[in-house]
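Residues per chain are reported as follows:
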Amino acid sequence: MIEVKGVSFTYPNGVEALREVSLTIHDGEFVAIMGQNGAGKTTLVKQFNGLLKPTRGEIFVDGVNTRKVSVATLARKVGFVFQNPDHQLFCETVEDEVAFALRNFGFEESTIKKRVAWALNLLDLTEYRETSPFMLSGGERKRVALASVLAWNPKVVVLDEPTIGQDHKQKEKLRQFIVQLIAQRKTVIIVTHDVEFVAECNSHVVLMAQGKIVAKGSAKQMLTNSALVTQASIVSPQITQIFLELADLGMPIDLINIHEAREALLNFLEVDS
Amino acid sequence: MTVIEAKGLTYTYPGGTRRALEDVSITIEKGEFVILTGPSGCGKTTLCRCLNGLVPNFYGGKLEGEILVTGLKVSEHQIYELARHVGLVFQNPENQLFALFVEKDVAFGLENLGVPRDEIRKRVDWALQMTNIENLRERAPHELSGGQQQRVAIACVLAMQPDVMVLDEPTSFLDPLGAQQIFDVISRLNKELGITVVMVEHRLDLASRYSNHVVVMDKGKVVLDGEPKDVFSSEAARLIGVGIPKATRLSQVLEMSGVRLGRVPVTSEEASQVLKEVLSRD
Ligand SMILES: Nc1ncnc2c1ncn2[C@@H]1O[C@H](COP(=O)(O)OP(=O)(O)OP(=O)(O)O)[C@@H](O)[C@H]1O
Ligand SMILES: Nc1ncnc2c1ncn2[C@@H]1O[C@H](COP(=O)(O)OP(=O)(O)OP(=O)(O)O)[C@@H](O)[C@H]1O
Ligand SMILES: [Mg+2]
Ligand SMILES: [Mg+2]
């Protein structure tokens, strides 16, 4: 469980990035943090693994105050993928990169081998095993960063913009994998601007603007509320936009993804689905 | 008038295991708004790098085939000469920013071209305004959030007003409302000044409405090249895993359930319209 209690954070240059933020994320929860550029999303999640410590207020991860434990201890619990993969990758080969944390945590070589092979396969990177991460495309680099964290199966997974540079197929694989993590009662926190991905995931949503949380709730509640959507500088999913125009004809206006849309339309037209 | 003409481009990065581009030929006319899409690793960024000479001049290796941009043979000109005509927004904004202040970064290209001071100031102000970062002008680029950095990178190219703007996933770090505003700005420059736009995008739900030409690549090759509605409704696009706009996708799943729509919507307005007709049919 992650508890954020009245956290404010100011960078050395004087920017007040978080203002009295409070939030509780339970085990097995899947939360998407969304909102305005510069709202403080990255600054907030960096507090979860102790990369940043609150200027005021407190953060508890599984009951432990992040101020009172080392980053190394927190790092065993909280896997963190940076918004920009270049801040994370440093090994000579993709394989070493993905094995790095596993080695660091003292796993056995045979386990490491298995976990690395598994993660590379999950993220479609097997062919790049021996390639330098710096000779990959942007989307591939992001997937190496994802693989290097998912490989060691952390209890809490924090992914800052996981879908950047990913095509539809990769996003769908990632979504299915997150569903599996949740089924194992892992906690998954993503920061994302990808409204369509969130609509598809149907996760909880936390909306941020100007260093504060403006609202939280289900994806449906958040993404179909036009006032909140505007306040957080996001837009509604395309399906929501389409159905807003069909309200006069008696269609529901709180649909967010294709599955719901298809069902509602077929029902209305009395076609068997 | 043809602005970009690539013929048989084939390229392997030094040390690369396979071809990043394989026999790529495309023709882009002045004033087109082209979306370039396809699976991660298919060669989109590499093609962008060919348009301003980074490939092969900076990355090395041999580029086979020929490429002309605004009538210039890219292979016969230096990157800085081409910069006058082609502006590239990098996929990773951080790699593009190096000045101490945002304002300096945005002015840099113009200073290099020897543009007069007054004109530079005007254009920088305008670019900062268009990207909504006037309040960040005196901040250090490396102390900005991801989306703020991307806005700066876009402002750098907007300020240059080149004949061709190449934008490699220019809104991947932007909040969705900001992304829409940037698309609107670029679309306006495209329509009013006839600036040719080549934009790499995965999030086609947002971008499709602005485009009149879509190119899909897969494994280093161009596999689809045409109008948005034709490309998005093709079976190939779905199989490759292109993120077809939800408007188009919805029409496809309805057709599969036997609901005839009659035409292919790309934007949400088009989809609402088509659905209105279907729902009030009987
Ligand atoms: N290293 C830093 N030094 C100083 N200020 C920073 C730094 N990183 C971010 N900021 C500032 O802190 C505020 C919050 O930034 P943060 O990166 O948390 O935003 P974000 O919500 O993740 O935005 P984005 O969607 O653009 O990634 C912004 O005003 C930003 O300019
Ligand atoms: N600097 C480099 N050195 C060697 N190989 C590279 C380099 N950059 C990219 N590649 C390889 O070239 C191919 C094409 O990469 P490119 O960056 O053009 O893909 P992309 O379509 O832009 O992908 P993405 O959507 O993930 O950004 C990939 O197989 C990639 O691994
Ligand atoms: Mg961020
Ligand atoms: Mg790319």
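Not measured: the values here are computed from a predicted model.

**Brief notes about the coordination of the magnesium ion (ligand 3)**
So, step 1. Of the protein atoms, only Thr42 of chain A (OG1) and Gln83 of chain A (OE1) coordinate the magnesium ion (ligand 3), at distances of 2.0 to 2.3 Å. Here Thr42 of chain A is found in helix H1 (residues 41-45), whereas its partner Gln83 of chain A is found in the loop between strand S6 (78-81) and helix H3 (94-104), with 41 residues between them in sequence.

**Description of the pairing of strand S10 (residues 212-218) of chain A**
Residue and element names in this part refer to chain A.
So, step 1. Bridging between strand S9 (residues 204-209) and S10 involves six bridges; their strand directions are antiparallel. Bridging from a neighbouring strand, Leu207 pairs with Ala215 of S10.
So, step 2. Turn length for the S9-S10 hairpin, with the two strands adjacent in sequence and antiparallel, is two residues, and the turn residue Gln210 shows positive phi of about 50 degrees.

**Thoughts on the coordination of the magnesium ion (ligand 4)**
All names here are of chain B.
So, step 1. Within the first shell, the magnesium ion (ligand 4) binds the protein through Thr45 (OG1) and Gln91 (OE1), at distances of 2.0 to 2.3 Å. In this pair, Thr45 is assigned in helix H1 (residues 44-51) and Gln91 in the loop between strand S6 (86-89) and helix H4 (102-112), connecting sequence segments 46 residues apart. Here the two residues Thr45 and Gln91 agree in accessibility, since each one is buried.

**Observations regarding the domain arrangement of chain A**
Residue and element names in this part refer to chain A.
So, step 1. Each domain of chain A was delimited in the assignment, giving domain 1 (2-223) and domain 2 (237-273).
So, step 2. Here the C-alpha centroids of domain 1 and domain 2 sit 33 Å apart.
So, step 3. Listed per partner, the contact involves eight residues of domain 1 and nine residues of domain 2.
So, step 4. Across the interface of domain 1 and domain 2, roughly 710 Å² is buried in total on both sides, 49% from carbon and sulfur atoms.
So, step 5. Put simply, domain 1 and domain 2 have one salt bridge between them.

**Some points on the pattern of salt bridges**
So, step 1. On inspection of all chains with the given rule, the structure shows 31 salt bridges over all chains.
So, step 2. Of the charged contacts in the structure, one is a salt bridge between Asp86 of chain A and Arg141 of chain A, with a shortest N-O distance of 2.9 Å. Within this pair, whereas Asp86 of chain A is found in the loop between S6 and H3, its partner Arg141 of chain A is found in helix H5 (residues 138-150), the two being separated by 55 residues in sequence.
So, step 3. Owing to a relative accessible area of 23%, Asp86 of chain A belongs among the partly exposed residues under this scheme.
So, step 4. The exposure class assigned to Arg141 of chain A is buried, which follows from its relative accessible area of 13%.
So, step 5. Arg18 of chain B is the salt-bridge partner of Glu127 of chain A, the closest N and O atoms lying 3.2 Å from each other. Residue Glu127 of chain A is located in the loop between helix H4 (109-122) and H5, and its partner Arg18 of chain B is located in the loop between strand S1 (2-11) and strand S2 (21-29); the two belong to separate chains.
So, step 6. Judged by its relative accessible area of 36%, Arg18 of chain B falls in the partly exposed class.
So, step 7. Taken together, the shared-partner salt bridges in this structure form one network comprising Asp27, Asp62, Lys77 and Lys155 of chain A.

**A short note on the nonpolar core**
So, step 1. One finds Val106, Val152 and Leu158 of chain B to be the most contacted residues of the largest nonpolar core, which totals 53 residues.
So, step 2. With nine residues, the top contributor of residues to this core is helix H6 (residues 146-160) of chain B.
So, step 3. Lining this core are residues from two domains, each supplying at least three of them: domain 1 (1-85 + 164-171 + 196-227) and domain 2 (87-161) of chain B.
So, step 4. In contact with Leu158 of chain B, not counting residues within four places along its chain, are Trp126, Ala127, Met130, Thr131, Met165, Val185 and Leu189 of chain B.
So, step 5. Leu120, Leu146, Leu159 and Leu228 of chain A belong to the second-largest nonpolar core, a separate cluster that totals 52 residues.

**Concerning the site of ligand 2**
So, step 1. Of all residues adjacent to ligand 2, which total 22 residues, the nearest are Ser137 of chain A together with Ser40, Gly41, Thr45 and Thr46 of chain B.
So, step 2. The contact in question runs from an oxygen atom of ligand 2 to an N or O atom on the side chain of Tyr128 of chain A, over 2.9 Å.
So, step 3. At 2.4 Å, a side-chain N or O of Thr46 of chain B approaches an oxygen atom of ligand 2.
So, step 4. Taken by itself ligand 2 offers 640 Å² of open surface, and the protein chains cover 94% of this.
So, step 5. Of all the secondary structure elements, the ones that give two or more residues to the shell around ligand 2 are H5 of chain A together with H1 of chain B.
So, step 6. The element contributing the most residues to the shell around ligand 2 is H1 of chain B, with four residues.
So, step 7. Class assignment for the residues of the shell around ligand 2 results in seven nonpolar, eleven polar and four charged.

**A look at the site of ligand 1**
So, step 1. The environment of ligand 1 is formed by 21 residues, the closest being Thr43 of chain A together with Arg139, Ser145, Gly147 and Gln148 of chain B.
So, step 2. At the site occupied by ligand 1, nearby residues are drawn from chains A and B.
So, step 3. His193 of chain A is positioned with one of its side-chain polar atoms (N or O) 2.9 Å from an oxygen atom of ligand 1.
So, step 4. Interatomic distance of 2.6 Å between a side-chain N/O atom of Ser145 of chain B and an oxygen atom of ligand 1.
So, step 5. For ligand 1, whose free accessible area comes to 640 Å², the fraction covered by protein is 90%.
So, step 6. Listing elements by their share of the shell around ligand 1, those giving two or more residues are H1 of chain A together with H6 of chain B.
So, step 7. Each residue belonging to the shell around ligand 1 can be placed in one class, and the counts come to five nonpolar, 13 polar and three charged.

Rules and cut-offs
- Residues numbered from 1 in each chain as written.
- Chains lettered and ligands numbered in written order.
- Predicted model: local features only at pLDDT ≥ 70, side-chain atom pairs only at ≥ 80, totals over all residues.
- Heavy atoms only, no water.
- Donors = N, O, S within 2.8 Å, 3.2 Å for Na, K, Ca; no water.
- Helix = DSSP H or I, 4+ residues; strand = E, 2+ residues; numbered from the N terminus.
- Pairing = 2+ DSSP bridges.
- Buried < 20%, exposed > 50% of the residue type's maximum accessible area, 1.4 Å probe, protein only.
- Domains from an automatic or database assignment.
- Contact = heavy atoms within 4.5 Å.
- Buried area = accessible area lost by both parts, 1.4 Å probe.
- Salt bridge = Lys/Arg side-chain N within 4 Å of Asp/Glu carboxyl O.
- Core = buried A, V, L, I, M, F, W, Y, C linked by side-chain atoms within 4.5 Å.
- Near = heavy atom within 4 Å.
- Polar contact = N/O pair within 3.5 Å; in protein donor to acceptor, adjacent residues only side chain to side chain.
- Areas by Shrake-Rupley, 256 points an atom, 1.4 Å probe, with all protein chains shown as cover.
- Nonpolar A, V, L, I, M, F, W, Y, C, P; charged D, E, K, R; others polar.

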